Amino acid sequence: MTTTSALAGRPVLSGRAVTVQVPATTANLGPGFDTLGLALALYDHLDVTVVDTPGVLVEVHGVGEGEVPTDETNLVVRAIAHTFAAYGQDLPGLKLVAHNVIPHGRGLGSSGAAIVSGIVAAKGLLEGIVDIDAEALLSLATELEGHPDNVAPALFGGLTIAWVTPEGPRHKKLIVHRGVKPLVLVPEHAMSTALARSLQPESVPHEDAVFNVSRSALLIAALIQSPELLLAGTEDKLHQRYRAAAMPETDRLITLLREHGFAAVVSGAGPSVLVLASDPGQRLVAADLVAARSETPWQALMLAVDSQGATVTRTDT
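Residues numbered from 1 in each chain as written. Predicted model: local features only at pLDDT ≥ 70, side-chain atom pairs only at ≥ 80, totals over all residues. Heavy atoms only, no water.

## Examining the pattern of salt bridges
Under the criterion given, the structure shown has five salt bridges. Residue Glu 127 pairs with Arg 314 through a salt bridge whose shortest N-O separation is 3.3 Å. In this pair, Glu 127 is assigned in the loop between α2 (110-125) and α3 (134-145) and Arg 314 in strand β13 (residues 311-314), connecting sequence segments 187 residues apart. Residue Glu 127 is classed as partly exposed on the basis of its relative accessible area, which comes to 44%. The exposure class of Arg 314 is partly exposed, given its relative accessible area of 30%. A salt bridge links Glu 235 to Arg 215; the shortest N-O distance between them is 2.7 Å. Placement of Glu 235 in the loop between α7 (230-233) and α8 (240-243) and of Arg 215 in helix α6 (residues 206-224) is noted, with a sequence separation of 20 residues between them. The exposure class of Glu 235 is partly exposed, given its relative accessible area of 29%. It is possible to trace a salt-bridge network through shared partners that takes in Glu 127, Arg 314 and Asp 316. (Salt bridge = Lys/Arg side-chain N within 4 Å of Asp/Glu carboxyl O. Helix = DSSP H or I, 4+ residues; strand = E, 2+ residues; numbered from the N terminus. Buried < 20%, exposed > 50% of the residue type's maximum accessible area, 1.4 Å probe, protein only.)

## Considerations on helix α9 (residues 248-259)
Across its twelve residues, α9 extends 16 Å between first and last C-alpha, which sits within 8% of the 16 Å expected from 1.5 Å per residue. Among the residues of α9, those classed as buried are Thr 250, Leu 253, Ile 254, Leu 256 and Leu 257. Buried residues along α9 cover an arc of 160° about the axis, so they all sit on one side. Turning to α9, the residues buried within the fold contact β9 (181-186), α8, β10 (264-266), β11 (273-277) and α10 (280-293). (Expected span 1.5 Å × (residues − 1). Arc of directions from axis to C-beta. Contact = heavy atoms within 4.5 Å.)

## Focus: the packing of aromatic side chains
If you walk through the whole model with that rule in mind, you get zero aromatic pairs. Of note, Arg 215 hangs over the ring of Phe 211, and the distance from its end group to the ring centre comes to 3.9 Å. Above the face of the Phe 211 ring, Lys 237 is positioned so that its terminal group lies 4.5 Å from the ring centre. (Phe/Tyr/Trp six-rings, centres within 6.5 Å; stacked < 30°, edge-to-face > 60°. Lys NZ or Arg CZ within 6 Å of the ring centre and 35° of its normal.)

## Digging into the side chain of Asp 306
Here Asp 306 shows up in the loop between β12 (299-302) and β13. The buried charged residue Asp 306 lacks any salt bridge partner; its closest oppositely charged side chain belongs to Lys 173, at an N-O distance of 6.8 Å. Beyond its immediate sequence surroundings of up to four residues, Asp 306 is in contact with Pro 23, Ala 39, Leu 40, Ala 41, Tyr 43, Gly 157 and Gly 158. (Lys, Arg positive; Asp, Glu negative; His and termini not counted.)

## A word on the packing of helix α1 (residues 75-86) against α3
At a minimum axis distance of 11 Å, the contact between α1 and α3 shows a crossing angle of 130°. Accordingly, the angle class assigned to the pair α1 and α3 is oblique. Crossing handedness for the pair α1 and α3: right-handed. Counting all contacts with α1, which are made through Ala 79, His 82, Thr 83 and Ala 86, the residues of α3 involved are Leu 140, Glu 143 and Leu 144. (Axes fitted to C-alpha atoms, helices over the stretch in contact; angles between N-to-C directions. Parallel < 35°, antiparallel > 145°, perpendicular 65-115°, else oblique. Left-handed = near helix turned anticlockwise from the far one by under 90°.)

## Here we look at the side chain of Thr 142
Tracing the sequence through the fold places Thr 142 in helix α3. Leaving out residues up to four positions away in the same chain, Thr 142 has contacts with His 147, Pro 148, Val 151 and Pro 169.

## A closer look at the environment of Asp 306
The class of Asp 306 is buried, set by a relative accessible area of 5%. Between the C-alpha atom of Asp 306 and that of Leu 42, which follows or precedes it by 264 residues, the distance is 8.2 Å. Within the structure, Asp 306 has its side chain in polar contact with the backbone nitrogen of Gly 309 (distance 2.6 Å). (Polar contact = N/O pair within 3.5 Å; in protein donor to acceptor, adjacent residues only side chain to side chain.)

## Regarding the pairing of strand β5 (residues 56-62)
The pairing of β5 with strand β6 (residues 93-100) spans seven bridges and is classified as parallel. Opposite Leu 57, over in β6, you have Lys 95 as the bridge partner. Regarding the hand of the β-α-β motif, the stretch spanning β5, α1 and β6 is left-handed. (Pairing = 2+ DSSP bridges. Right-handed = clockwise from strand over helix to strand, strands pointing away.)

## A short note on the packing of α1 against α2
At their nearest, the axes of α1 and α2 sit 7 Å apart, and the two run at 45° to each other. By the angle between their axes, α1 is oblique relative to α2. Handedness of the crossing formed by α1 with α2: right-handed. Contact residues: Leu 75, Val 76, Ala 79, Ile 80, Thr 83 and Phe 84 in α1; Ser 111, Ala 114, Ile 115, Gly 118, Ile 119, Ala 121, Ala 122 and Leu 125 in α2. In the contact of α1 with α2, the residues fall into eleven nonpolar, three polar and no charged. (Nonpolar A, V, L, I, M, F, W, Y, C, P; charged D, E, K, R; others polar.)

## Some thoughts on α6
Think of an α-helix as turning once every 3.6 residues; residues three or four places apart then point the same way. Here α6 is 19 residues long and its end C-alpha atoms lie 28 Å apart, about the 27 Å a rise of 1.5 Å per residue gives. Within the sequence span of α6, burial applies to Asp 208, Phe 211, Asn 212, Arg 215, Ser 216, Leu 219, Ile 220, Ala 222 and Leu 223. Elements in contact with the buried residues of α6: β4 (36-51), β7 (159-165), β8 (168-174), α7, α8 and β11.

From the geometry alone we can't say anything about function, so treat these as descriptive.
The structure is reproduced here in structure tokens:
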């Protein structure tokens with residue numbers, strides 16, 4: 001039950017707690033630059049409790065432990081604070097315990113997942129006080145991330161088409177064909193998203209733009225209806241070749257896989273490689289090919305498509 005402080009005239013949140021689960025994501029999917037995203041069944045978990053003492057206490061376990069900030073500069077904390085401020089709410093004292101699984105700096109949406117974790121946690125903590133709908137969640141997340149292609153699938157699951165209007169970001173969620181089986185190949189080294197984006201030219205040839213428009217449309221059909229078209233649907237001339245010099249191992253692996261008929265693309269900003277297989281057997285063959293032919297080590301993650309997106313559960317004691 002929500003109580004109110006007679007002194008402050010504001011709801012008291014002491015004792016409220018939530019548990020959040022957010023999926024990894026892979027963006028672009030080849031031709032759908034800054035537009036298409038896919039949620040993957042690999043999850044970060046977050047426990048947030050309102051405490052009586054001011055400030056924040058952050059524990060990080062798993063990926064990023066000992067590396068990511070554990071104070072107010074932590075990205076999850078910043079996302080919570082951003083959401084509270086957006087609705088005119090004072091930020092209470094918080095204890096956060098993060099259990100991270102999504103690799104950092106590998107093109108699997110770790111920063112988007114952190115942002116979504118914080119915003120969804122804030123939504124759960126403010127339940128019954130303010131109403132934060134799906135459109136507002138996407139808007140808040142995009143304000144922090146800068147673009148909606150990763151945060152949309154992290155929030156809503158499945159395959160998402162994201163675009164920006166004068167009124168804010170929008171999305172459409174689609175259900176992926178059950179035959180599509182993602183394989184993510186994760187290298188040992190990271191890649192800066194800012195660096196990857198800096199390698200993009202300000203303009204591209206008209207024929208390349210037309211090429212990507214056609215392939216993006218084809219890719220949607222392949223993902224929701226006709227997986228046999230995935231190889232053609234993942235062709236790209238808009239961004240991957242410009243980033244290739246900064247990720248030579250990634251470029252070599254994609255070339256190898258595509259020469260053998262696999263729909264391989266850069267996952268997000270890289271350096272991970274996403275293979276969109278049309279059946280489980282094809283995914284296994286692709287993983288075996290990488291193990292046998294790659295000159296550098298890659299961790300093969302055979303993942304399902306997440307269809308639910310971020311979830312938040314109240315865990316008040």
